[in-house]
Amino acid sequence: MTMAENAPDQTPAVTPPVDYRPQPRYGELAPEGWTWTPPQDEPVPAASAVVSTTATPARAAWGSAERPVSAKPGTAPAWDRPLTISLLVFGLIGAYFTISMLGSLPQAWAMLYAQAELGEYAVTDSVTAIISAGSIGQAVVWVAAAVSSILLLLRGRRAFYVPIIGGVVAFVLLVAAVGVVLAGDPALLEYLSQP
């Protein structure tokens with residue numbers, strides 16, 4: 001026997017090709033037939049945008065390196081809750097004053113009629129309906145903004161933008177109600193359009 005016959009097999013082990021596709025994240029399914037193999041100590045080409053596959057505490061906790069370990073999913077910043085509550089309180093005060101203003105619109109119109117010497121202002125059923133609809137709309141907008149904001153806060157999401165959107169909608173609703181009442185009064189409209 002020669003020494004070559006007793007030597008162990010010297011053929012190099014065949015390594016599978018490196019797969020540079022990103023790994024599926026938690027909750028995602030991999031494409032059929034795809035298997036993950038741990039990376040070898042080979043350098044990763046700089047041109048590919050591969051997520052590192054090394055196990056870190058963040059990956060162990062969350063399954064990806066994009067979220068830090070201390071952050072909870074859906075956590076809003078600390079400033080969001082007090083700002084949202086402040087905006088809701090401000091919106092409640094604004095809704096109260098807007099509803100009061102809509103309720104006193106017939107008195108304001110009567111005063112304009114007296115100052116312009118247009119005669120006596122008579123409140124019609126359509127004006128009463130528009131004022132009632134505008135007042136109810138203001139209340140509904142505030143309640144919808146408050147409920148949506150509270151639900152978002154309870155889920156830990158940002159909610160400061162909801163009262164802002166509610167305020168814009170309430171303002172548009174107020175302008176529309178006053179505009180419709182004004183458009184239905186040709187005598188006052190003609191007086192206000194004079195130079």
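Everything quoted here is computed from the prediction, not taken from an experiment.

**As for the overall build of the protein**
Step number 1: Each helix and strand in the protein was counted, giving 7 helices and 0 strands.
Step number 2: Beginning at the N terminus, the succession of helices and strands in the protein can be written as α-α-α-α-α-α-α.
Step number 3: Counting every position in the protein, which comprises 195 residues, the buried fraction comes to 20%.
Step number 4: Look at the contacts in the protein between residues 6 or more apart in sequence, and 63% of them connect residues 24 or more apart.
Step number 5: For the protein, the computed accessible surface area is about 14,200 Å², with 67% contributed by carbon and sulfur atoms.

**Description of the packing of helix H3 (residues 80–103) against helix H6 (residues 161–183)**
Step number 1: Contact geometry of H3 with H6 gives a least axis separation of 10 Å together with a crossing angle of 10 degrees. Looking at the two axes, H3 sits roughly parallel to H6. For the pair formed by H3 and H6, the contact residues are Thr84, Leu87, Leu88, Thr98, Met101 and Leu102 on the first element and Pro163, Ile164, Leu174, Ala177 and Val178 on the second.
Step number 2: For the contact of H3 with H6, a count of residues per class yields 9 nonpolar, 2 polar and no charged.

**A short note on the packing of aromatic side chains**
Step number 1: Counting across every chain of the model gives 4 aromatic pairs.
Step number 2: Linked through ring pairs, Trp79, Phe160 and Tyr161 together constitute an aromatic cluster.

**With respect to the nonpolar core**
Step number 1: Counting residues in each nonpolar core, the largest one holds 11 residues, listed as Leu102, Leu105, Trp109, Tyr113, Tyr121, Val127, Ile131, Leu174, Ala177, Val181 and Leu188.
Step number 2: Elements represented by at least two residues in this core include exactly helix H4 (105–116), helix H5 (125–154) and H6.
Step number 3: Residues Ala145, Leu153, Ala159 and Val162 belong to the second largest nonpolar core, which totals 5 residues.

The rules we used
Residues numbered from 1 in each chain as written. Predicted model: local features only at pLDDT ≥ 70, side-chain atom pairs only at ≥ 80, totals over all residues. Heavy atoms only, no water. Helix = DSSP H or I, 4+ residues; strand = E, 2+ residues; numbered from the N terminus. Buried < 20%, exposed > 50% of the residue type's maximum accessible area, 1.4 Å probe, protein only. Contact = heavy atoms within 4.5 Å. Areas by Shrake-Rupley, 256 points an atom, 1.4 Å probe, with all protein chains shown as cover. Axes fitted to C-alpha atoms, helices over the stretch in contact; angles between N-to-C directions. Parallel < 35°, antiparallel > 145°, perpendicular 65-115°, else oblique. Nonpolar A, V, L, I, M, F, W, Y, C, P; charged D, E, K, R; others polar. Phe/Tyr/Trp six-rings, centres within 6.5 Å; stacked < 30°, edge-to-face > 60°. Core = buried A, V, L, I, M, F, W, Y, C linked by side-chain atoms within 4.5 Å.

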